[in-house]
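Descriptive analysis of the structure
Chain residues, written in single-letter form:
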Amino acid sequence: MESQNSSVVTEFILLGLTQSQEIQLLVFVLISAFYLIILPGNFFIILTIRSDPGLTAPLYFFLGNLAFLDASYSFIVAPRMLVDFLSQKKVISYRGCITQLFFLHFLGGGEGLLLVVMAFDRYIAICRPLHYSTVMSPKTCYVMVLALWLGGFVHSIIQVALILRLPFCGPNQLDNFFCDVPQVIKLACTDTFVVELLMVFNSGLMTLLCFLGLLASYAVILCRIRGSSSEGKNKAMSTCTTHIIVIFLMFGPGIFIYTRPFRAFPADKVVSLFHTVIFPLLNPVIYTLRNQEVKASMKKLFSQHPG
């Protein structure tokens with residue numbers, strides 16, 4: 001993926017999360033512990049959903065996909081960041097940087113679209129229950145998942161294509177702990193105003209529109225739930241509340257990072273840390289802890305394999 005248009009930069013130096021050795025050590029210990037505890041939990045969620053014949057509803061199919069996407073997403077930044085904490089010189093090749101950036105937006109875009117699909121699933125289940133089994137058929141669910149993967153790919157390949165056209169001839173210091181669009185664009189040896197606008201449109205506007213659309217759809221769903229008198233009212237309310245929490249965790253940092261002109265703010269690195277490492281691992285856990293069926297199934301599976 002090396003660019004041929006006068007790019008002479010072959011590697012980028014990552015300045016990291018912080019220059020303080022004490023803070024680096026503290027973050028290293030906390031992220032390592034968090035990673036080793038939560039990541040296996042995500043895979044256990046996937047195993048539970050795959051192995052329990054009682055968890056075949058579309059909601060659980062999408063939850064399993066969310067756990068897979070988030071676990072995959074966490075592999076893009078966290079492992080390298082942990083290794084860099086122990087390294088004196090934090091270097092990533094030009095090709096490695098572009099690859100990291102591609103997968104970051106490929107999986108991130110796919111997850112954003114998955115949350116839209118999950119909102120549609122809840123809308124049909126609560127507002128059109130008689131049509132649910134017809135609309136949300138297994139074939140439809142597979143088509144939706146395929147579409148969100150394709151959407152994530154298209155979103156990401158646009159980012160990469162725009163960056164590959166930029167010349168990089170120095171400097172090569174990225175003021176972050178991973179490669180992302182705002183920092184990489186600033187190092188280009190050309191005027192990047194138009195590219196920045198295109199990036200904000202592709203990432204920022206898409207993120208903001210998805211966020212507002214999701215909030216509007218859940219507002220409609222919650223109004224429908226409040227007006228109903230069915231016995232499943234509390235369960236539906238709990239599920240939708242969980243979805244809204246995850247939407248804020250997923251889209252809040254994304255809106256902060258991508259919907260403004262690419263200039264640095266002191267909070268950028270902390271927001272990026274939560275956006276790329278903490279929240280992706282937490283999302284499926286939040287869903288699971290508030291879902292009685294999945295929790296019961298996990299306990300059952302764990303009791304069958306205590307060793």
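To keep things clear, this report deals only with the structure shown in the data block.

The rules behind these values
- Residues numbered from 1 in each chain as written.
- Predicted model: local features only at pLDDT ≥ 70, side-chain atom pairs only at ≥ 80, totals over all residues.
- Heavy atoms only, no water.
- Helix = DSSP H or I, 4+ residues; strand = E, 2+ residues; numbered from the N terminus.
- Rg over C-alpha atoms; globule rule 2.2 N^0.38 Å.
- Buried < 20%, exposed > 50% of the residue type's maximum accessible area, 1.4 Å probe, protein only.
- Contact = heavy atoms within 4.5 Å.
- Areas by Shrake-Rupley, 256 points an atom, 1.4 Å probe, with all protein chains shown as cover.
- Lys, Arg positive; Asp, Glu negative; His and termini not counted.
- Charge placed at Lys NZ, Arg CZ, Asp CG, Glu CD.
- Axes fitted to C-alpha atoms, helices over the stretch in contact; angles between N-to-C directions.
- Parallel < 35°, antiparallel > 145°, perpendicular 65-115°, else oblique.
- Left-handed = near helix turned anticlockwise from the far one by under 90°.
- Nonpolar A, V, L, I, M, F, W, Y, C, P; charged D, E, K, R; others polar.

Remarks on the overall build of the protein
The helix and strand tally for the protein stands at 10 helices and 3 strands. In the protein, the order of α-helices and β-strands from amino to carboxyl end is β-α-α-β-α-α-α-β-α-α-α-α-α. In terms of overall dimensions, the protein is globule-like: its C-alpha atoms have a radius of gyration of 21 Å, near the 19 Å expected for 307 residues. The principal-axis extent of the C-alpha atoms belonging to the protein is close to 65 × 45 × 30 Å. For the protein, with 307 residues in total, the buried portion stands at 51%. Relative to all contacts within the protein whose residues are 6 or more apart in sequence, the contacts with residues 24 or more apart total 80%. Carbon together with sulfur atoms contributes 69% to the accessible area of the protein, which is approximately 15000 Å² in total. Computing the positive centroid from 21 side-chain charges and the negative centroid from 15, the protein places the two 9 Å apart.

Observations concerning the packing of helix 1 (residues 21–51) against helix 9 (residues 268–289)
The interhelical angle for the contact between helix 1 and helix 9, taken along N-to-C directions, is 40 degrees, at an axis separation of 10 Å. Between helix 1 and helix 9, the angle falls in the class oblique. For the element pair helix 1 and helix 9, the recorded crossing hand is left-handed. Across the interface between the two elements, Ile31, Phe34, Tyr35, Ile38, Leu39, Asn42 and Ile45 from helix 1 touch Leu273, Val277, Ile278, Pro280, Leu281, Leu282, Pro284, Val285 and Thr288 from helix 9. A breakdown of the residues in the contact of helix 1 with helix 9 according to their chemical character gives 14 nonpolar, 2 polar and no charged.

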